[in-house]
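The residues making up each chain are set out below.
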Amino acid sequence: MTKFISNVNKYLSEMIKQSYLSMITGIDKNKMSRLLTGSQEESGTDMEKIARGLGKSIGFFLKESMSISQVGSSSMNKIAFYAGEPSKKQEQIA
């Protein structure tokens, strides 16, 4: 597994789910799974789509050592998703 993919996996485990990454990058879920397990080598285009989808540069994921900031308790750092129509309480939380 390459350093890029290893660091993407580390970032994902802390920040986001693989299915969401597939959706925002346009990379098929099966291909994304193969990329993230290292069973398929990533292309430059794949690296660009993944990094851009995560709001980072390719270089961010090529670092030898990567530190990921933990989401703090500030409400500005939290995101809520609701299926359907959110209740008033859910709207306040979001």
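First, a word on what this report is: a plain description of the structure on this page. Residue positions are given per chain, counted from 1 along the sequence in the order it is written. It should be noted that, the model being predicted, local features are given only for residues of pLDDT at least 70 and side-chain atom pairs only at 80 or more, the latter also being counted only at that level, while totals for whole chains, interfaces and linings use all residues. To obtain the side-chain values, all non-hydrogen atoms of the structure were included, while hydrogens and water were left out.

Digging into the packing of aromatic side chains
Next up, step 1: In this analysis, rings of Phe, Tyr and Trp, with Trp reduced to its six-membered ring, are considered paired at centre separations within 6.5 Å, and the interplanar angle assigns stacked below 30 degrees, edge-to-face beyond 60, and tilted for intermediate values. In this structure the tally under the stated criterion is 2 aromatic pairs.
Next up, step 2: Where Phe4 meets Phe61, the ring centres are 5.6 Å apart and the plane angle is 75 degrees; that geometry is what we call edge-to-face. Of the two residues, Phe4 is situated in helix α1 (residues 3–15) and Phe61 in helix α5 (residues 58–61); the sequence distance between them amounts to 57 residues. Phe61 carries the same exposure label as Phe4, and that label is buried.
Next up, step 3: Arranged with centres 4.9 Å apart and planes meeting at 85 degrees, the rings of Phe60 and Phe61 form a pair that is edge-to-face. Helix and strand definitions follow DSSP, with helices as H or I runs of at least four residues and strands as E runs of at least two, each counted in order from the N terminus. Burial status follows relative accessibility: with a 1.4 Å probe on protein chains alone, a residue under 20% of its type maximum counts as buried, one over 50% as exposed, and anything between as partly exposed.

What to know about helix α2 (residues 18–25)
Next up, step 1: All of the buried residues in α2 are Leu21, Ser22 and Thr25. Viewed along the axis of α2, the buried residues span an arc of 100 degrees, placing them on a single side of the element.
Next up, step 2: Gly26 occupies a position one or two residues after α2 and carries a positive phi of about 80 degrees. To obtain the arc, one takes the directions from the helix axis to the C-beta atoms.

Some thoughts on the packing of α2 against helix α3 (residues 29–37)
Next up, step 1: Only the stretch in contact is used when a helix axis is fitted, and all axes are lines through C-alpha atoms; the angle between N-to-C directions ranges over 0 to 180 degrees. Contact geometry for α2 and α3: axes closest at 9 Å, N-to-C directions at 120 degrees. When the interaxial angle is binned, α2 and α3 end up oblique. Where α2 crosses over α3, the two elements pack in a sense that is right-handed. From α2, Gln18, Leu21, Ser22 and Thr25 reach across to α3, where they touch Lys29, Met32, Ser33 and Leu36.
Next up, step 2: Considered class by class, the residues forming the contact of α2 with α3 number 3 nonpolar, 4 polar and 1 charged. These descriptions rest on fixed angle ranges, namely under 35 degrees for roughly parallel, over 145 for roughly antiparallel, 65 to 115 for roughly perpendicular, and the rest for oblique. Note on convention: near helix rotated counterclockwise from far helix by under a right angle means a left-handed crossing. Clockwise means right-handed. Residue contacts are defined here by distance: any two heavy atoms, one from each residue, within 4.5 Å place the two residues in contact. Note on residue categories: nonpolar means Ala, Val, Leu, Ile, Met, Phe, Trp, Tyr, Cys or Pro, charged means Asp, Glu, Lys or Arg, and polar means any other residue, Gly included.

Looking at helix α4 (residues 44–53)
Next up, step 1: Taken together, the buried positions of α4 are Asp46, Met47, Ile50 and Ala51. All buried residues of α4 fall inside an arc of 120 degrees around its axis, so they share one side.
Next up, step 2: Looking at the residues trailing α4, positive phi occurs at Gly55, about 75 degrees.

Considerations on the side chain of Asp46
Next up, step 1: Turning to its location among the elements, Asp46 is positioned in helix α4.
Next up, step 2: Take Asp46: its relative accessible area is 4%, and that puts it in the buried class.
Next up, step 3: The contact partners of Asp46, leaving out residues within four places of it in the chain, are Ile27, Lys31, Leu35 and Glu41.

Digging into the packing of α2 against α4
Angle between the axes and distance between the axes are the two parameters that describe a pair of packed helices.
Next up, step 1: With their axes 9 Å apart at the nearest point, α2 and α4 run at an angle of 110 degrees to one another. One element, α2, and the other, α4, form an angle in the roughly perpendicular class. Taking contact as the criterion, the partners of Leu21, Ile24 and Thr25 in α2 are, on α4, Lys49, Ile50 and Gly53.
Next up, step 2: For the contact of α2 with α4, the residue count by class is 3 nonpolar, 2 polar and 1 charged.

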